[in-house]
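Structural overview for review
Each chain, written out:
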Amino acid sequence: MGLCLYIERDVPAAAELFARACSTNYGRSCVPIARLLQLGQFLPKDYSKAFEYLTMGCNKHNNDSCFAKATCYIQGMGVERDYSAAVPLLARGCDQGHSRSCHNLAVLYYHGHGVEKDLNKFKQFNEKSKIFRGQKNPFIDPPKHQGESTAPQRY
């Protein structure tokens, strides 16, 4: 119902439904309400409240919520930037087949953010990301052009 209202542009009503569903037992509703709060387009911008919703969704074992929560830690959005706090969230998602979690975990190991730099683990999580996506990862496997770095740059 929330998605239907969102598509029809009754975003405040959709946000209310997403928030209610997230607060009860439907973890998949936590990412949309958090995203609306982060963007601040239809609701007042509130990174801290968005982070609370992502925490609720992650606690309900929703991988997208855990991934988004880890991204908040990586970017310092609504919380203090803390790469090491993102690592277990991404590892859990990666273990459960969430390709974007594997990708970001690979990038953390490549750069040594929140973990000791480890190119073997980078390769391991990079491969998992490709397997789960079923295709090459454009952020980790960009086309190689002479003189350009192929290091992953994006979380």
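Small disclaimer: the values here were computed from a predicted structure and weren't measured. (Residues numbered from 1 in each chain as written. Predicted model: local features only at pLDDT ≥ 70, side-chain atom pairs only at ≥ 80, totals over all residues. Heavy atoms only, no water.)

**Description of the packing of helix α5 (residues 63–75) against helix α6 (residues 83–95)**
It is at 8 Å that the axes of α5 and α6 come closest, and there the two elements cross at 160°. By the angle between their axes, α5 is roughly antiparallel relative to α6. Seen along the crossing, α5 lies across α6 with a hand that is left-handed. Together, N63, C66, F67, K69, A70, Y73 and I74 of α5 and Y83, A85, A86, L89, L90, R92 and G93 of α6 make up the contact between the two elements. (Axes fitted to C-alpha atoms, helices over the stretch in contact; angles between N-to-C directions. Helix = DSSP H or I, 4+ residues; strand = E, 2+ residues; numbered from the N terminus. Parallel < 35°, antiparallel > 145°, perpendicular 65-115°, else oblique. Left-handed = near helix turned anticlockwise from the far one by under 90°. Contact = heavy atoms within 4.5 Å.)

**Focus: the packing of aromatic side chains**
The description of an aromatic ring pair rests on the distance of the ring centres and on the angle between the ring planes. Following the criterion strictly, the structure yields three aromatic pairs and no others. Arranged with centres 5.7 Å apart and planes meeting at 15°, the rings of Y109 and F125 form a pair that is stacked. One end of the pair, Y109, is in helix α7 (residues 99–111); the other, F125, is in helix α8 (residues 119–133), and 16 residues separate them in sequence. By the burial criterion, Y109 is buried, and F125 matches it. One cation-aromatic arrangement involves K117 over Y110; the distance from NZ or CZ to the ring centre is 5.3 Å. (Phe/Tyr/Trp six-rings, centres within 6.5 Å; stacked < 30°, edge-to-face > 60°. Buried < 20%, exposed > 50% of the residue type's maximum accessible area, 1.4 Å probe, protein only. Lys NZ or Arg CZ within 6 Å of the ring centre and 35° of its normal.)

**A few points about the state of the cysteines**
Considering all chains together, one arrives at three disulfides under this definition. Residue pairing for C22: its cysteine sulfur links by disulfide to C30, the two sulfurs lying 2.0 Å apart. Taking the sign of the torsion about the S-S bond as the criterion, the disulfide between C22 and C30, at about 100°, is right-handed. Looking at C30, the relative accessible area reads 0%, which means it is buried. In this model, C94 is linked to C102 through a disulfide, with the two sulfur atoms separated by 2.1 Å. (Disulfide = S-S within 2.5 Å.)

**Remarks on unusual backbone geometry**
If you check the backbone angles, H61 has positive phi at about 65° while not being a glycine. Summarising the element assignment, H61 is placed in the loop between α4 (47–59) and α5.

**A closer look at the pattern of salt bridges**
Evaluation of the coordinates by the stated rule reveals five salt bridges. Close ionic contact of E16 with R20 constitutes a salt bridge, the shortest N to O distance being 3.2 Å. Placement of the pair is E16 and R20 together in helix α2 (residues 11–23), with a separation of four residues, close to one helical turn. The exposure class assigned to R20 is partly exposed, which follows from its relative accessible area of 47%. (Salt bridge = Lys/Arg side-chain N within 4 Å of Asp/Glu carboxyl O.)

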